[in-house]
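Reading the structure
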Amino acid sequence: MRMVDIIERKREGHILTEQEIEFVISGYVSGNIPDYQVSAWLMAIYFQGMTDQEASFLTKSMLFSGDTIDLSKIIGIKVDKHSTGGVGDKTTLILGPLVASCGAKVAKLSGRGLGHTGGTLDKLESIDGCTINLSEDRFIEQVNQIGIAVAGQTGEIVPADKLLYALRDVTGTVPSIPLIASSIMSKKLASGADVICLDVKIGEGAFMKTLEDARELSRIMVSIGEAFNKKVIAFITGMDQPLGHAVGNRLEVKEAIEALSGNGPKDLETLCVEIASYMIFYAKKAPSLEDAKELAIRQLHNGEALAKFNEFIHAQGGQIDSLKDFIKVKKIIEYKATKTGYIKEIKALNIGLASMKLGGGRETKEDIIDPMVGIVLEKKVGEHVKTGDVLAKVYANSPVSKEIILSLDEAFDIVEFEVKVPAIILEIIS
Ligand code: URA
């Protein structure tokens, strides 16, 4: 087989075989195929697309390019959830304990990426004493005992994705739907869950800009799941604004605890209850989706979900005595509206960037996160505000730069006409 022939075949719109795709991925990972040929191949895929079967073959080759996680020692159906990247997205902290409190098994191994805001691992580590470094034996024992564990990945999961993603990033081939689908699904399948819920965000700042593209991505990911005998459910959700009110690690933990006590923001609770009901139903812990939803709502209001969260944090060495002094920063600055009207949009990306500049996220791998800082939205899309009303509170431990204020200025779009509160879930594809 020659790489140039495979590039030409894709360029002409032919369907590649499993062997051809495996030849490219294994050749690239072993260093036998150079970047320039893989770049040309990626660009050919960008223009010609891939069939569902090609995308499944690509996922398979990527999946087996590195370590996979064996969860077979965990008794019961394992459920997992992944988001394509949201600001203020603390859903794992809520969904994990919520569905575990209903008897589903949550065994989550996460990687640590760069991001405007910290990831789930950073949020957990922001809790005093909480560790995400669990040995494999401890991880499995914890899931078997209490139904949930969340830890940092140790092995090399899907090295092909690291290489391909870096190349896509510099060759203009990131926005190819089959390439995104195989990138996400190879990592999710390597993590070993039986049921995978995917939160596919759309909007400015998200990978998917339109509902059509999000549908297509979701459809392919569900089909890849089928090829691997896994149940995949995709939730297409809007990103007109950050999820909930809090952005920043401890601030988000606090909001997650409030949501687990039945006092969370509406959009966050709606999203969590909907995703939880699918996880509970497919984990066979309720006879129907309706029953699963009722159960999820009940667990949020009867203290069971919160009790499971505390058990989980405690099992990983953490302790939260009270929320009263949980957030300690040098100053809290009120960011106010400079005009009267209705909030049309709160650009999540800008809020995320502002939080990162406060120290809440990482620009480079070496950056150390300040767990306390961040932004809390006082108003959300659809609300009417008057000049001088507080739109957000900025939690800071260092001077708040002009750049941060500019990022907030650009985030809030206030218009004269009334704005409808956007639906959080636009479609569910399974
Ligand atoms: N997220 C991923 O993991 N991969 C992509 O290609 C895009 C989003």
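Bear in mind that the values here come from a model prediction, so they are computed numbers and not experimental data.

**Digging into the site of the ligand**
- The local shell around the ligand consists of Tyr165, Arg168, Ile180, Ser183, Ile184, Lys187 and Phe207.
- Between the ligand and arginine 168 there is a distance of 2.9 Å, counted from an oxygen atom to a side-chain nitrogen or oxygen.
- Within the contact set of the ligand, a nitrogen atom lies 2.6 Å away from a side-chain nitrogen or oxygen of serine 183.
- Expressed as a share of its isolated accessible area of 240 Å², the protein-covered part of the ligand is 89%.
- For the shell around the ligand, the secondary-structure elements that each account for two or more residues are α8 (159–171) and α9 (177–190).
- Of the residues in the shell around the ligand, the class split is four nonpolar, one polar and two charged.

**Some points on the domain arrangement of the chain**
- Parsing the chain into structural domains produces domain 1 (3–49), domain 2 (78–315) and domain 3 (331–415).
- Using only C-alpha atoms to locate each centre, domain 1 and domain 2 end up separated by 31 Å.
- Overall, the association of domain 1 and domain 2 removes approximately 1,000 Å² of surface from exposure, summing both partners, and the carbon and sulfur fraction of that is 85%.
- At the boundary of domain 1 and domain 2, one finds zero salt bridges.

**Comments concerning unusual backbone geometry**
- In this model, valine 158 sits at a positive phi of 45°, which is unusual for a non-glycine residue.
- Relative to the helices and strands, valine 158 is located in the loop between β3 (148–152) and α8.
- For asparagine 229, which is not glycine, the phi dihedral falls at a positive 60°.
- Summarising the element assignment, asparagine 229 is placed in the loop between α10 (211–227) and β5 (231–238).

**Brief notes about the environment of threonine 59**
- Tracing the backbone through its elements, the reader meets threonine 59 in helix α4 (residues 52–63).
- Sequence separation between threonine 59 and glutamate 22 is 37 residues, and the spatial gap between their C-alpha atoms is 9.8 Å.

**Some details on the pattern of salt bridges**
- Scanning all chains against the criterion turns up 25 salt bridges.
- With its nearest N and O atoms 2.8 Å apart, the salt bridge here joins arginine 219 to aspartate 52. Of this pair, arginine 219 sits in helix α10 while aspartate 52 sits in helix α4; the two residues are 167 residues apart in sequence, bridging distant segments of the chain.
- With a shortest N-O distance of 4.0 Å, lysine 336 and glutamate 334 are connected by a salt bridge.

**Here's the deal with the packing of aromatic side chains**
- Using the criterion set out here, one finds six aromatic pairs in the structure.
- Where phenylalanine 281 meets tyrosine 282, the ring centres are 5.0 Å apart and the plane angle is 70°; that geometry is what we call edge-to-face.
- Here the aromatic rings of phenylalanine 309 and phenylalanine 312 are separated by 6.4 Å at their centres, their planes lie at 80°, and the arrangement is edge-to-face. Here phenylalanine 309 and its partner phenylalanine 312 are both found in helix α14 (residues 304–315), three residues apart, which amounts to about one turn of the helix. Across this residue pair, the class does not change: phenylalanine 309 and phenylalanine 312 are buried.

**Here we look at the nonpolar core**
- One finds Val38, Trp41 and Phe139 to be the most contacted residues of the largest nonpolar core, which totals 59 residues.
- When residues of this core are assigned to their parent elements, the largest contribution, eight residues, is made by α9.
- Counting only domains with at least three residues in this core, you end up with domain 1 (3–49) and domain 2 (78–315).

**Some words on a negative patch on the surface**
- Together, Asp70, Glu136, Asp137 and Glu141 give the surface a local cluster of negative charge.
- Positionally, aspartate 70 belongs in the loop between α4 and β1 (78–83).

**Regarding the sheet that holds β5**
- On the basis of which strands lie adjacent, the open sheet formed by six strands has the order β3-β2-β1-β4-β5-β13 and mixed pairing. At either end of the open sheet lies a strand with only one pairing partner, and these are β3 and β13 (425–429). Put simply, the sheet's adjacent strands are angled 20° from each other on average, direction ignored.
- Both strand β4 (residues 195–202) and β5 contribute to a ladder of eight bridges, which runs parallel. What sits directly across from isoleucine 196, in β5, is valine 232.
- Across the face of the sheet, α9 comes into contact with β1, β2 (105–110), β4 and β5 while running at roughly 150° to β4.

**A word on the side chain of lysine 105**
- Structurally, lysine 105 can be placed in strand β2.
- It turns out lysine 105 is buried and unbridged, and the closest side chain with the opposite charge, aspartate 194, is 9.9 Å from it.
- Among the polar contacts made by the side chain of lysine 105, one reaches the main-chain carbonyl oxygen of isoleucine 75 at a distance of 2.7 Å.
- Apart from the residues within four sequence positions on either side, lysine 105 is in contact with Ile74, Ile75, Ile77, Lys78, Val79, Val143 and Gly147.

**Considering the pairing of β5**
- Among the eight residues in β5, seven count as buried, and that is most of the element.
- Inspection of the sheet shows β5 paired to β13 by four bridges, in the antiparallel sense. When the sheet's bridge partners are listed, alanine 234 is paired in β13 with isoleucine 429.

**Comments concerning helix α13 (residues 289–301)**
- Compared with an ideal rise of 1.5 Å per residue, which puts 13 residues at 18 Å, α13 spans 19 Å between its outermost C-alpha atoms and is within 8% of the ideal.
- Buried within α13 we find Ala292, Leu295, Ala296, Gln299 and Leu300. In an axial view of α13, the angular spread of the buried residues amounts to 135°, which keeps them on one side of the axis.
- Those residues of α13 that are buried are in contact with α5 (91–100), α11 (249–260), α12 (266–282) and α14.
- Positive backbone phi, at 90°, marks glycine 303, one or two positions downstream of α13.

Conventions used here
Residues numbered from 1 in each chain as written. Predicted model: local features only at pLDDT ≥ 70, side-chain atom pairs only at ≥ 80, totals over all residues. Heavy atoms only, no water. Near = heavy atom within 4 Å. Polar contact = N/O pair within 3.5 Å; in protein donor to acceptor, adjacent residues only side chain to side chain. Areas by Shrake-Rupley, 256 points an atom, 1.4 Å probe, with all protein chains shown as cover. Helix = DSSP H or I, 4+ residues; strand = E, 2+ residues; numbered from the N terminus. Nonpolar A, V, L, I, M, F, W, Y, C, P; charged D, E, K, R; others polar. Domains from an automatic or database assignment. Buried area = accessible area lost by both parts, 1.4 Å probe. Salt bridge = Lys/Arg side-chain N within 4 Å of Asp/Glu carboxyl O. Phe/Tyr/Trp six-rings, centres within 6.5 Å; stacked < 30°, edge-to-face > 60°. Buried < 20%, exposed > 50% of the residue type's maximum accessible area, 1.4 Å probe, protein only. Core = buried A, V, L, I, M, F, W, Y, C linked by side-chain atoms within 4.5 Å. Patch = residues over 30% accessible without salt bridge, like charges linked within 9 Å, V, L, I, M, F, W, Y side chains within 5 Å. Lys, Arg positive; Asp, Glu negative; His and termini not counted. Charge placed at Lys NZ, Arg CZ, Asp CG, Glu CD. Pairing = 2+ DSSP bridges. Axes fitted to C-alpha atoms, helices over the stretch in contact; angles between N-to-C directions. Contact = heavy atoms within 4.5 Å. Expected span 1.5 Å × (residues − 1). Arc of directions from axis to C-beta.

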